[in-house]
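Summary of structural features
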Amino acid sequence: IYTLMKQYDAARTAFEKADDKNAEDAKIYLANLYLEEGNEAKCDEILESVKKDDNPSAMACNAIATMELKRNNPNEALIYVNKGLDKIIKKNRRDLLKNRIAATEKLGQFNEAYQYAAEYLEEYPQDVDVVRELEFLSSRIV
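This text gives an overview of the structure that appears in the document. The model shown is predicted, which means the values in this text are computed figures rather than measured ones. Residue numbers restart at each chain and count upward from 1, following the sequence in its written direction. A pLDDT threshold of at least 70 governs which residues receive local features in this predicted model, and a stricter bar of 80 or more applies before side-chain atom pairs are shown or counted, although totals over entire chains, interfaces and linings include all residues. Just so you know, side-chain values use all the structure's heavy atoms and leave hydrogens and water out.

1. Structural notes on unusual backbone geometry
Excluding glycine, most residues fall at negative phi; most peptide bonds, likewise, are trans. In plain terms, the rule: In this text, helices come from DSSP runs of H or I with a minimum length of four residues, and strands from runs of E with a minimum of two, each type numbered from the N-terminal end. A simple rule labels every residue: compare its accessible area, found with a 1.4 Å probe on the protein chains alone, to the largest value its type can have, and call it buried under 20%, exposed over 50%, or partly exposed in between.
Phi at K6 takes a positive value of approximately 60°, unusual for a residue other than glycine. In this structure, K6 sits in the segment before helix 1 (8-20). A residue is classified by how much of its surface remains accessible, and K6, at 57% relative accessible area, is exposed. Although it is not a glycine, N72 adopts a positive phi angle of roughly 60°. Here N72 shows up in the loop between helix 4 (58-70) and helix 5 (74-106). Residue classification places N72 among the exposed positions, given a relative accessible area of 62%.

Given below as C-alpha cells:
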C-alpha cells in the first residue's frame, strides 16, 4: 500500500523489516521499490543476491521478469519466466499424475492405471496411497 501511495520511505522500512525476518520474497519487493524510485544500482544489488538463490519462488521469478521487462532486458526476463513456469508445473505435476491414475481407473482402464501408478512411484516412491493403489490395480489387470 505504501508503494502504491508513493510513500517510499515507509515502504522501504516495511520491506527491510520483513527481510530482516527472512520473509519470503521481501527482497523482491525492496528491489522493485528501488526500481520505482529510479535507483537501478540498488535494485541490481538486491536482484543479484536473489538471482544467486538456486530456488527462487514462482512469484519471485515473475517479479524479476517484470522488473527486467521494465528495464528492457527481455532475454533476462524470459529466463525467469521459464524458471517460474517450471516451478508451477512441478508444483502441480504430482497432483496431475495422481489424478491421471484415478481417472483411468474410473474408466476401467486398469492396465493403463497400473502403468501410470508404476511411473508415478518412480518419481514419488514415498507416496503410500499410490503404493496401495498399485497393489489394488495389480489384482485388476489382465
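Structure's up, so let's keep going.
2. A few points about the pattern of salt bridges
Applicable threshold: Just to be clear on terms, a salt bridge is a Lys or Arg side-chain nitrogen sitting within 4 Å of an Asp or Glu carboxyl oxygen.
Enumeration over the complete set of coordinates arrives at 14 salt bridges. Among the ionic pairs, E37 bridges to R12, the shortest N-O distance being 2.9 Å. Highlighted residues: E37 in helix 2 (residues 26-37) and R12 in helix 1, separated in sequence by 25 residues. Exposure remark for E37: the relative accessible area of 32% places this residue in the partly exposed category. Given a relative accessible area of 16%, R12 falls into the buried group. Counted as one network, the salt bridges with shared partners bring together D9, R12 and E37.

3. Notes on the state of the cysteines
Stated precisely, the cut-off is as follows: Only a pair of cysteine sulfur atoms within 2.5 Å qualifies as a disulfide here.
Per the stated rule, a full pass over the model turns up zero disulfides. Note on C43: no disulfide assigned, nearest cysteine sulfur contributed by C61 at a separation of 15 Å. Here C43 falls in the buried class, since its relative accessible area comes to 0%. Owing to a relative accessible area of 0%, C61 belongs among the buried residues under this scheme.

4. Describing a nonpolar patch on the surface
The condition is simple: Note that patches include only residues with greater than 30% relative accessible area and no salt bridge, and the join distances are 9 Å for like charges and 5 Å for nonpolar side chains (Val, Leu, Ile, Met, Phe, Trp, Tyr). Residue-level accessible areas treat just the shown protein chains as cover; the underlying method is Shrake-Rupley with a 1.4 Å probe.
Taken together, the side chains of L78, V81, L85, I88 and I89 define a hydrophobic patch exposed on the protein surface, amounting to about 430 Å² of accessible area. Summarising the element assignment, L78 is placed in helix 5.

5. Focus: the packing of helix 6 (residues 110-123) against helix 7 (residues 128-138)
Let me state the cut-off plainly: Every axis corresponds to a line fitted to the C-alpha atoms, with the helix fit spanning only the stretch in contact, and the corresponding angles, defined between N-to-C directions, vary from 0 to 180 degrees. Comment on the angle field: the value is read as roughly parallel under 35 degrees, roughly antiparallel over 145, roughly perpendicular from 65 to 115, and oblique elsewhere. Crossing chirality is assigned from the near helix's rotation relative to the far helix, an anticlockwise turn below a right angle marking it left-handed and a clockwise turn marking it right-handed. Two residues qualify as a contact provided that any one of their heavy atoms is within 4.5 Å of a heavy atom in the partner residue.
One way to put it is that helix 6 packs onto helix 7 with a least axis distance of 9 Å and a crossing angle of 150°. The angle between helix 6 and helix 7 falls in the class roughly antiparallel. The interaxial crossing formed by helix 6 with helix 7 has left-handed handedness. Of the residues in helix 7, those touching helix 6 at F110, A113, Y114, A117, A118, Y120 and L121 are V130, V131, L134, L137 and S138.

6. Overview of the environment of E133
Take E133: it is sitting in helix 7. C-alpha separation for the pair E133 and K98, spaced 35 residues apart in sequence, amounts to 10 Å.

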